[in-house]
Amino acid sequence: MALSQNSQGALLMMAGQACFTINDAFMKLMAGDVPLMQLLVLRGMGTVVAMAAIAWWLGMLHLRFPARDRWLVLARSAAEIGSTYFFLTALFHMPIANMSAIFQALPLAITLAGAMFLGETVGWRRLLAIVIGFCGVLLVVRPGTEGFNVYSLCALAAVACVVVRDLVVRRMSAEVPSLMVALGAGVAVTLFSGVASTAVDWVRPSGLQVGYIIAAGTFVVAGYHFAIATMRVGDLGFVAPFRYTGLLWALVLGLLVFGDWPDFLTILGSGIIVATGIFTLMRERRLRISGAAGQSATP
């Protein structure tokens, strides 16, 4: 029996989250052995070439879109540099499941930022969900406790950079190919890392570490592929909640690969973040459907 569009979209979303999380695990395995900027250069060279080839194959390798959008692509790429640096800096110094849990607050943060900076309407139910969700984030990072440090701030800074990145994307026109946006970000991160890596001593990776770098790059490219395919299949409001399966992958990999398992408060905070995030996404979907039905009923 053929899968429905929504089922296909859900599977693609889960596959994408799995790929991104596995990439994170491979990068974390090299923490402390290979400088971060060197890792980003080596991984970036492979991913940029692969994404450029895919974009060319799909006929998306061009700049035939308005000049305003080109500036927005540059702005998004700058935010991508910040999010990549802060994310991996935090990831290298904290459990992968904790980092993933904090990032699950993204839909809440983006909804709040849309209301604050783009004038998007957010009702009291979603506002309450956002407040409760951020309480869940506080349970994960626990400011004022011994576990709260500069790397916790890096994790929060990474979330802020991704919010800026996604708000910029909302300003882009539909003429900009999504793969070109991702390619631009990859080029920017690789160039920035190349310049920054001149300030550190490069090391010769072992054969195993070279394999990790290749695997990380492969899973990043696969993750981008699935993410783009997800946007083209099914109802995004139905598919979006499946992004939280990334947290399940982080929990499993954290335990099996790094021997980490979150404590009770982290699990509780993660559950609150996921529950409020799913509620917010489903509420937005319901409002979009109601709005579309109201417009179609208007004579």
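In case you missed it, the structure is sitting above this.
What counts, and at which threshold
- Residues numbered from 1 in each chain as written.
- Predicted model: local features only at pLDDT ≥ 70, side-chain atom pairs only at ≥ 80, totals over all residues.
- Heavy atoms only, no water.
- Helix = DSSP H or I, 4+ residues; strand = E, 2+ residues; numbered from the N terminus.
- Salt bridge = Lys/Arg side-chain N within 4 Å of Asp/Glu carboxyl O.
- Contact = heavy atoms within 4.5 Å.
- Axes fitted to C-alpha atoms, helices over the stretch in contact; angles between N-to-C directions.
- Parallel < 35°, antiparallel > 145°, perpendicular 65-115°, else oblique.
- Left-handed = near helix turned anticlockwise from the far one by under 90°.
- Core = buried A, V, L, I, M, F, W, Y, C linked by side-chain atoms within 4.5 Å.
- Buried < 20%, exposed > 50% of the residue type's maximum accessible area, 1.4 Å probe, protein only.
- Expected span 1.5 Å × (residues − 1).

**Observations concerning unusual backbone geometry**
Right, so step 1: Of note, Arg142 is a non-glycine position whose phi angle comes to about 50°, a positive value.
Right, so step 2: Within the secondary structure, Arg142 sits in the loop between helix 6 (124–141) and helix 7 (150–171).

**Digging into the pattern of salt bridges**
Right, so step 1: A complete count under the given rule lists five salt bridges for this structure.
Right, so step 2: For Arg68, the salt bridge goes to Asp69, with nearest N and O atoms at 3.9 Å.
Right, so step 3: Here the salt bridges do not stand alone but share partners, grouping Arg76, Glu80, Arg165 and Asp166 into one network.

**Quick notes on the side chain of Thr84**
Right, so step 1: Tracing the chain through its elements places Thr84 in helix 3 (residues 67–91).
Right, so step 2: Here Thr84 is in contact with Leu40, Arg43 and Val189, once residues within four sequence places are set aside.

**Side note on the packing of helix 3 against helix 8 (residues 178–196)**
Right, so step 1: With their axes 8 Å apart at the nearest point, helix 3 and helix 8 run at an angle of 55° to one another. As judged from the angle between their axes, helix 3 and helix 8 are oblique. Judged by the twist between their axes, the crossing of helix 3 over helix 8 is right-handed. In this structure, helix 3 uses Val73, Arg76, Ser77, Glu80, Ile81 and Thr84 to contact helix 8, whose residues at the interface are Val181, Gly184, Ala185, Ala188, Val189 and Phe192.

**Considering the nonpolar core**
Right, so step 1: Counting 48 residues, the largest nonpolar core has Met27, Leu88, Met99, Phe103 and Val163 as the members making the most contacts within it.
Right, so step 2: No other element matches helix 7, which puts seven residues into this core.
Right, so step 3: Leaving out residues up to four positions away in the same chain, Val163 has contacts with Leu106, Ala109, Ile110 and Ala113.
Right, so step 4: The next biggest cluster of nonpolar side chains, apart from the first, holds seven residues, and it includes Leu72, Val73, Val168 and Val181.

**What to know about helix 8**
Right, so step 1: In this model helix 8 runs 27 Å from its N-terminal to its C-terminal C-alpha over 19 residues, within 8% of the 27 Å that 1.5 Å per residue would give.
Right, so step 2: If you check which residues of helix 8 are buried, you get Leu179, Met180, Val181, Ala182, Leu183, Ala185, Gly186, Ala188, Val189, Thr190 and Ser193.
Right, so step 3: Tucked into the core, helix 8 has its buried residues touching helix 2 (36–57), helix 3 and helix 9 (207–231).

Interpretation in functional terms is not warranted from these geometric data alone.
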